[in-house]
Amino acid sequence: MSAPDPQAPPVLEVRGLSIGYGGKCVLDGVDLDVRKGAVTALIGPSGCGKTSFLMSLNRLTELVPRCSVAGRVRLGGRELDAATDTRWLRRRIGMVFQRPTPFPVSVARNLHLPLRDSGCPRSELRARTEAVLRRVGLWDEVAGRIDSPADTLSGGQQQRLCIARALVLEPEILLMDEPCSALDPLSTRRIEELIRSLRGTVTMVIVTHNLGQARRLADDVAVFWSRGGRGALIESGPAKGVFSAPAHPDTAAYLEGLQG
Amino acid sequence: MPVRDERRAESPGELVLTVLACGSAVVVFAVFAWIVGDIVRHGASEISWSFLVDPPSRAGRAGGISSVIVSTLEILLVCLGVAVPIGVGAALFLAEVARGGRFAGRLVRAGLDVLAGVPSIVSGLFGNAFFCVTLGLGFSILSGGLTLACMVLPLLTRSLELGLRSVPDDYRMAAAALDLSSTRFFAQILLPAAAPGLAAGLLLGIGRAMAETAALILTSGSVDRMPGSLLDSGRALSVHVYELAMNVPGGEARAYATALVLVLLLVAINLLSNTMVHRLVSPRVSA
Amino acid sequence: MSRSFPDAILVRVLRLLAFLSGCIVLFVFLHLVLEAWPALETPGLRRFLTDDAWRPAGGPPDARYGFAPMVVGSLAATLGAMLLAAPLGFCSAVFCHQCAPPRLRGAYRRIVELLAGIPSVVYGLWGLVTLAPLVRAIEPPGPSLLTGSLVLGLMILPTVALLADAAFASVPRAQLQAAAAVSLSRWRTLLAVHLPQARPGLWGALLLGTARALGETMAVLMVCGNVIQVPKSVFNPVRTLTADIALELGYATGTHRSALFVLWLFLMGAVVVLVAAAELLGSNRARA
């Protein structure tokens, strides 16, 4: 649970990222640096393009019809462009979605599939599965039923399984789109603990509507806002600074509105 | 978690709807019972073990239907052996590769839909001209099976495609985020999850194939001897029923008996397909 | 998705298979046109529509190619069949989804599936031996437009019901849960949630059922009476296009045979129109 190194170069650099759906611009010109090992929270009202921004980082926007993405992204100093292999990219950047989406197979299989796909030999499957399940704190709960269907787990357990599945390929960056919004408070707390324990070893970018959660977890914050029908990034920086003394009037209004 | 409705008082409009729905179900039940009852009543008396294992004699007025049964099964195997792989491939293409409104997908789908509507005797004509004459297969089980494959393909593809589409998008997104190879995703997640659709399509396909008469008359002929190889002509069960009913005076009783056998076979295949669906789904999940 | 090598092959194979299936129908169509060409040249398309009778077997001066009565026969039988099958089919699909307790639901579906599997010859046989005498008791001769419509309707009823059922089943569960969460009555759920989502599938069921009825051969051959005439009442026997071909193809040669292929061309055209309509309607609704 180490704190991120403030002097290290950003692992992810975004310049001028714009996203449009069917010709309509939904996100305009985002500039953002993501610190290595830090937890970066993306906050802001609904519809400001936070999820679209997240999806554009691992090219999941390519699955959405008529979605166009412009701008520059650098991962670990390397420029990402059309020629970049999505396979390589999605191994470095993992994603967890709002609703837990375990595959309709057993718990173990959920983890075996991406492992086998990345060339992990059969002899190592068990070991790596156990390792990642321990990492997310799920091993004790599911060790006995690792071969039963994943959808017999509770919502919180399923989400942790999804996090495990995203981590099993050992990505540098983990994207999380409101990972706790579909869960009860106890599961939420468990996942927040997990996020805290992963801090330092994995860079995390989390979209959240829960300001308390952002306060508890985030090292850095990026505030999104809607301007003239399109989303934009209005403020970003270390969490402490943004929360205590927001530079932008809209940020202040947002923080105030949700507190009052 | 069952989403059972509460037994609140339904408005009169809703009551009418309920009556309509239940009424039509009753009508369907009743018709089914009537038809099956007739078949059983008229046909059961003729059925015996010798009926099933003896070949027909005196144009079917006597003897049994053994050769006819064998011919039918062989035709079915040829048909499915060709139609299922093509159908699975086409459905995967339509549901996954060419998703949504892309032009290629719509073209293929339109082509398949039209094929679905092609009347059976047209398929028979085509099968006759192409398989029997052009490819030189003559009146044979192979010709019949291939023709039926063309007829069954659209039903199979559409049903499987429906099944594939009903698999939630969540799985696709999660698999994409992990960059799971398509081959692995299709084989280990998508197809098992869509197994019910395949089974349903298979059912409808088999039903359609076995029910086919006109096309088979023109492609596999109506020779009622036991077929020696796939290139021999053979009479299918449905063709036998037709011949006995229309062209053999006094053949109605035997026609009903054959019809009964046909229907029973269909029921058996139905049950078999359903158990196959269950077996297809469970081992995957606990693997 | 990803660009690994086996995936690239997979996509190519899938594309090939898909195009193969799409092209079959083109192939069939081309072949039909080739066979029909001689009759389209002589005596020519117009005579099919305007001649007063159908007597193609005679030599050129005597032969007549008017197929209007048979077109009427086909359309009337199909219309009658759909009047019976569509409401019953949809209502029973609704029954399956709304009113039936879960145990009954499975059994009911099985029964409909079985009905769908009963071959047309068996319906024809039953129609000939059981239904026709009943109709004869009301008014002779028995095998007639009415009998044909009834049998045809019963034949396509299960198909329509099954397709409608599949359309209803394709409604995502999340929406149903949302409706239940707001305590929406099940009928209102049906109208507001199921119907819009299922509409493309329902249209598909309707149009495919109609196409099937139009193309049916055996049942109508056995129970329609096979007299070439425009029916004045539902108790008159008729002959459909399909039945005519089945009856005459065995011995038709030369121009006569080509003429039969022209009949098929018309049927094919009708089917294409129906299916195109289904496609358009389906995609329009899906976009809406």
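These numbers come from a predicted model, not from an experiment.

(A) How the structure looks around the overall build of chain B. Across its full length, chain B holds 12 helices and 2 strands. Of the regular secondary structure in chain B, the N- to C-terminal order runs α-α-β-β-α-α-α-α-α-α-α-α-α-α. Within chain B, the fraction of its 287 residues that count as buried is 54%. Taking as baseline every contact in chain B between residues at least 6 positions apart, the subset at least 24 positions apart corresponds to 76%.

(B) Region of interest: the overall build of chain C. Helices and strands together make up the secondary structure of chain C, namely 10 helices and 2 strands. Each helix and strand of chain C, placed in order from N terminus to C terminus, yields the pattern α-β-β-α-α-α-α-α-α-α-α-α. Evaluated residue by residue, chain C yields a buried proportion of 51% over its 288 residues. In chain C, the proportion of contacts linking residues at least 24 apart, taken out of those at least 6 apart, comes to 73%.

(C) Structural context of the interface of chain B and chain C. Taken together, the contact between chain B and chain C spans 75 residues of the former and 75 residues of the latter. A total of 15 residues in the side of chain B that touches chain C trace back to one element, the largest contributor, which is helix H1 (residues 12-43) of chain B. For the side of chain B that touches chain C, the residue count by class is 52 nonpolar, 16 polar and 7 charged.

(D) Summary view of the environment of Cys48 of chain A. Along the polypeptide, Cys48 of chain A turns up in the loop between strand S3 (39-43) and helix H1 (50-57). Taking C-alpha positions, Cys48 of chain A is 8.6 Å from Arg227 of chain A, a pair spaced 179 residues apart along the chain.

(E) Representation of the environment of Pro45 of chain A in the model. All names here are of chain A. Within the secondary structure layout, Pro45 lies in the loop between S3 and H1. Considering only alpha carbons, one finds Pro45 and Gly231, 186 residues apart in sequence, at a separation of 9.8 Å. When near neighbours in sequence (up to four residues on either side) are disregarded, Pro45 contacts Ser226 and Tyr254.

(F) Just the nonpolar core, in detail. Counting residues in hydrophobic clusters, the biggest one holds 266 residues, and the most contacted among them are Val241 of chain B together with Val122 of chain C. With 18 residues, the single largest contributor to this core is helix H5 (residues 145-169) of chain C. Excluding residues that lie within four positions of it along the chain, Val241 of chain B makes contacts with Ala255, Thr258, Ala259 and Leu262 of chain B together with Val121, Val122 and Leu125 of chain C.

(G) Spatial organisation of the pairing of strand S1 (residues 12-21) of chain A. Residue and element names in this part refer to chain A. Alignment of S1 against strand S4 (residues 67-75), held across 8 bridges, turns out to be antiparallel. By the bridge assignment for S4, Leu12 is matched with Leu75. One ladder, built from 7 bridges, connects S1 with strand S2 (residues 24-34); its direction is antiparallel. By the bridge assignment, Ile19 is partnered in S2 with Leu27. A loop of 2 residues connects S1 with S2, the two strands running antiparallel in sequence, and Gly22 in this loop sits at a positive phi of about 55 degrees.

(H) Just the packing of helix H3 (residues 102-117) of chain C against H5 of chain C, in detail. Residues and elements named next belong to chain C. H5 packs onto H3 with a crossing angle of 135 degrees between their chain directions and a minimal axis gap of 8 Å. One finds that H3 runs oblique with respect to H5. The interaxial crossing formed by H3 with H5 has left-handed handedness. Every residue of H5 that contacts H3 at Arg109, Val112, Glu113, Leu115 and Ala116 is listed here: Pro158, Thr159, Ala161, Leu162 and Asp165.

(I) Spatial organisation of unusual backbone geometry. All names here are of chain A. In this model, Arg59 sits at a positive phi of 65 degrees, which is unusual for a non-glycine residue. Here Arg59 lies in the loop between H1 and S4. A positive phi angle, close to 45 degrees, is found at Glu178, a residue other than glycine. Note that Glu178 resides in the loop between strand S7 (173-177) and helix H7 (185-198).

(J) Local environment of helix H3 (residues 107-117) of chain A. Summarising burial for H3 of chain A: 9 of the 11 residues are buried, a large majority. Those residues of H3 of chain A not exposed but buried are Val107, Ala108, Arg109, Asn110, Leu111, His112, Leu113, Pro114 and Asp117 of chain A. Where the residues of H3 of chain A are buried, they touch helix H4 (122-135), helix H5 (139-142) and helix H6 (155-167) of chain A together with helix H8 (182-193) of chain B. Positive phi shows up at Gly119 of chain A, right after H3 of chain A, with a value of about 90 degrees.

The rules we used
- Residues numbered from 1 in each chain as written.
- Chains lettered and ligands numbered in written order.
- Predicted model: local features only at pLDDT ≥ 70, side-chain atom pairs only at ≥ 80, totals over all residues.
- Helix = DSSP H or I, 4+ residues; strand = E, 2+ residues; numbered from the N terminus.
- Buried ≥ 20, exposed ≤ 12 C-beta atoms within 10 Å, placed from the backbone.
- Contact = placed C-beta atoms within 7 Å.
- Nonpolar A, V, L, I, M, F, W, Y, C, P; charged D, E, K, R; others polar.
- Core = buried A, V, L, I, M, F, W, Y, C linked by C-beta atoms within 7 Å.
- Pairing = 2+ DSSP bridges.
- Axes fitted to C-alpha atoms, helices over the stretch in contact; angles between N-to-C directions.
- Parallel < 35°, antiparallel > 145°, perpendicular 65-115°, else oblique.
- Left-handed = near helix turned anticlockwise from the far one by under 90°.

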